[in-house]
Amino acid sequence: MITENAPAKINLALHVRARRADGYHELETLFAFVADGDTVTLEPGPLSLTITGPFAHGLSGEGDNLVTRAARAFADRFGVAVGGALTLDKHLPVASGIGGGSADAAAALRALARLHEIAIDDPRLFEIAAALGSDVPACLLGRTAMGQGRGERLEALEGLGGMAALLVNPGVAVSTAAVFKAWDGVDRGPMPPGDVLAMALGGRNDLEAPARALAPAIDAVLDALAIGDPLLARMSGSGATCFALYADEAERAAAAARIRAAWPAWWCLETRLL
Ligand SMILES: C[C@@](CO)(OP(=O)(O)O)[C@H](O)COP(=O)(O)OP(=O)(O)OC[C@H]1O[C@@H](n2ccc(N)nc2=O)[C@H](O)[C@@H]1O
Ligand SMILES: Nc1ncnc2c1ncn2[C@@H]1O[C@H](COP(=O)(O)OP(=O)(O)O)[C@@H](O)[C@H]1O
C-alpha cells in the first residue's frame, strides 16, 4: 500500500492582476503548505475510490472526484491501464480556499508515480496537474513557491518552515468561480520585493473583498483572528478559510482556545507551516 499526504495549501498573498480572455485570471500568489491535511492511499487493483474521514460527507454527492480524475489522466498520459484502489481520508473542509481537492489530486499523482516508478519531477506529471486545476501543480510541488499565470508557473522559494499557524473556516462553502467573477477588475500591483515573510506582510489577498461580499461570515473569522496580535491574519485563496501566523505555539494555542470557546461550530486547525 502506498500512502501520500495531501497537505492543505494556503495563499500567504494572492494578487489578481488581470482578467484573461480564456475566463481565468492572471495571478501573482505566494503558495505555502501546512503540516496537516488529507491522506490518499493506493493499492493495486481496478479503479475505485473510498472516502473516509470527518469531511467525507462533503463529497458524497460527487460523481467525479479529482482523485479519480487524476488516476484517469495519469493512465492516459503514461499509457498504463486505468487502475488503483484509492482511499481518500478527508480532513479538510470542501470548497474552502485551502486547495483540498487540488492537494488530493496531487497526492494521487504522486502515489501513482511511485507505483509505476516514474520520477516525481517528471514534466508529464506537471502537465497532467495543470490540466486538472490551477492549484494542482503547486500542490504537486508541495513547497513554498511564487505562482504566476493561473498559478501553474512556479518558482520554489525558501519558506517559513515550522512557523505556528491557525486555520479557521466558518462552515460556509464558497465557489471559486463566483469569487473571481465578483473581483472588481482593479490591478492593485505586484508584491513588494524581499523574502517570503516580507512579501507576505506587504502583500494582499485581492479575493478577500469579493469573497466577503458573497460570504459575510468571513468578516467574523477575520475579526476573531485579529485578536491576540498575530504576525499576519488573512483569507486564503477564494475563501472562506482564513489563517493566522504566530511568533510561537503558545500564542497560537491561546488564539485557538478563544476562538473554539466563542465559535464552537467553526473548523479550527492548529498547525505549522512546512
Ligand atoms: C483561488 C485559488 C488560489 O490558489 O485557490 P482556491 O480558492 O481554489 O483554494 C486558485 O487560483 C484556484 O485554483 P483551482 O481551485 O484549482 O481552480 P480551477 O479549478 O482551475 O478553476 C476554477 C474556476 O476559478 C476561476 N479561476 C481559477 C484560477 C485562476 N487563475 N483564475 C480564475 O478565474 C475560473 O473561473 C475557473 O473556472
Ligand atoms: N477530492 C476532492 N476534495 C474536495 N473537493 C473536490 C474533490 N474532488 C472534487 N472536488 C470538487 O472541487 C470543488 C473545490 O474543492 P476544493 O479543492 O476543496 O476547493 P478549494 O480549492 O477552494 O479549497 C468542490 O466543490 C468539489 O465539488
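Residues numbered from 1 in each chain as written. Chains lettered and ligands numbered in written order. Predicted model: local features only at pLDDT ≥ 70, side-chain atom pairs only at ≥ 80, totals over all residues. Heavy atoms only, no water.

(A) Region of the structure containing the UniProt feature "domain: GHMP kinase N-terminal" (unreviewed entry) in the chain. If you check UniProt for "domain: GHMP kinase N-terminal" (unreviewed entry), the listed places come out as residues 65–142 in our numbering. Along residues 65–142, the helical share is 58% and the strand share 6%, with 20 Å between the first and last C-alpha atoms. (UniProt positions renumbered as here; feature names shortened; annotations may be inferred. Helix = DSSP H or I, 4+ residues; strand = E, 2+ residues; numbered from the N terminus.)

(B) Seen up close, the site of ligand 2. Close to ligand 2 lie 17 residues, the nearest being Asn65, Ala95, Gly97, Gly99 and Gly101. Residue Asn65 places a side-chain N or O atom 2.9 Å away from a nitrogen atom belonging to ligand 2. Asp104 has a polar side-chain atom sitting 2.9 Å from a nitrogen atom of ligand 2. Given that more than half its atoms are within 2 Å of the pocket grid, ligand 2 belongs to the largest pocket. Top element by residues in the shell around ligand 2 is helix 2 (residues 100–115). It accounts for four residues. Across the shell around ligand 2, the residue classes tally to six nonpolar, eight polar and three charged. (Near = heavy atom within 4 Å. Polar contact = N/O pair within 3.5 Å; in protein donor to acceptor, adjacent residues only side chain to side chain. 1 Å grid on protein atoms, 1.4 Å probe; cavity = no way out; pocket = protein on both sides within 12 Å on 5 of 7 lines; lining within 4 Å. Sits in = over half its atoms within 2 Å of the grid points. Nonpolar A, V, L, I, M, F, W, Y, C, P; charged D, E, K, R; others polar.)

(C) Quick peek at the domain arrangement of the chain. Taken domain by domain, the chain holds domain 1 (2–156) and domain 2 (164–272). A straight line from the C-alpha centre of domain 1 to that of domain 2 covers 22 Å. Each side of the interface is counted separately: domain 1 has 32 residues, and domain 2 has 37 residues. Approximately 2600 Å² of surface area, both sides summed, lies buried where domain 1 meets domain 2, with 64% of it carried by carbon and sulfur atoms. Along the contact surface separating domain 1 from domain 2 lie one salt bridge. Residues Arg17 and Asp187 are paired through a salt bridge, measuring 2.6 Å at the closest nitrogen-oxygen approach. (Domains from an automatic or database assignment. Contact = heavy atoms within 4.5 Å. Buried area = accessible area lost by both parts, 1.4 Å probe. Salt bridge = Lys/Arg side-chain N within 4 Å of Asp/Glu carboxyl O.)

(D) Highlighting the packing of aromatic side chains. Overall, the coordinates contain two aromatic pairs when judged by the stated rule. With a centroid separation of 4.6 Å and an interplanar angle of 35°, the aromatic rings of Phe74 and Phe78 are classed as tilted. Residue Phe74 and its partner Phe78 are both found in helix 1 (residues 66–78); the two are separated by four residues, about one turn of the helix. Using a relative accessible area of 1% as the deciding quantity, one classes Phe74 as buried. (Phe/Tyr/Trp six-rings, centres within 6.5 Å; stacked < 30°, edge-to-face > 60°. Buried < 20%, exposed > 50% of the residue type's maximum accessible area, 1.4 Å probe, protein only.)

(E) A look at the pairing of strand 1 (residues 2–19). Counting buried residues in strand 1 gives 13 out of 18 residues, a clear majority hidden from the surface. Here strand 1 pairs with strand 2 (residues 25–43) via 15 bridges, running antiparallel. Counterpart to Arg19 in the pairing with strand 2 is His25. Counting the residues that bridge the hairpin from strand 1 to strand 2 gives five residues, and of these Gly23 lies at a positive phi of roughly 95°. (Pairing = 2+ DSSP bridges.)

(F) Representation of the UniProt feature "domain: GHMP kinase C-terminal" (unreviewed entry) in the chain. Summarizing the sequence annotation, UniProt attributes the feature "domain: GHMP kinase C-terminal" (unreviewed entry) to residues 198–264 in the numbering used throughout. Secondary structure across residues 198–264 comprises 54% helix and 13% strand; the distance between its end C-alpha atoms is 33 Å.

(G) Layout of the pattern of salt bridges. The tally for this structure, following the rule as stated, stands at 19 salt bridges. We note a salt bridge from Lys90 to Asp38, for which the minimum N-O separation is 2.7 Å. In this pair, Lys90 sits in the loop between strand 4 (85–89) and helix 2 while Asp38 sits in strand 2, placing the two residues 52 residues apart along the sequence. You'll find Lys90 and Asp38 in the same group, each marked buried. Here Glu249 makes a salt bridge to Arg252, at a shortest N to O gap of 3.9 Å. On the criterion of helical spacing, the pair formed by Glu249 and Arg252 is a turn pair, its members being three residues apart in helix 9 (residues 249–262). A relative accessible area of 47% places Glu249 in the partly exposed class. Several salt bridges converge on common partners, so that one network encompasses Glu249, Arg252, Arg260 and Glu270.

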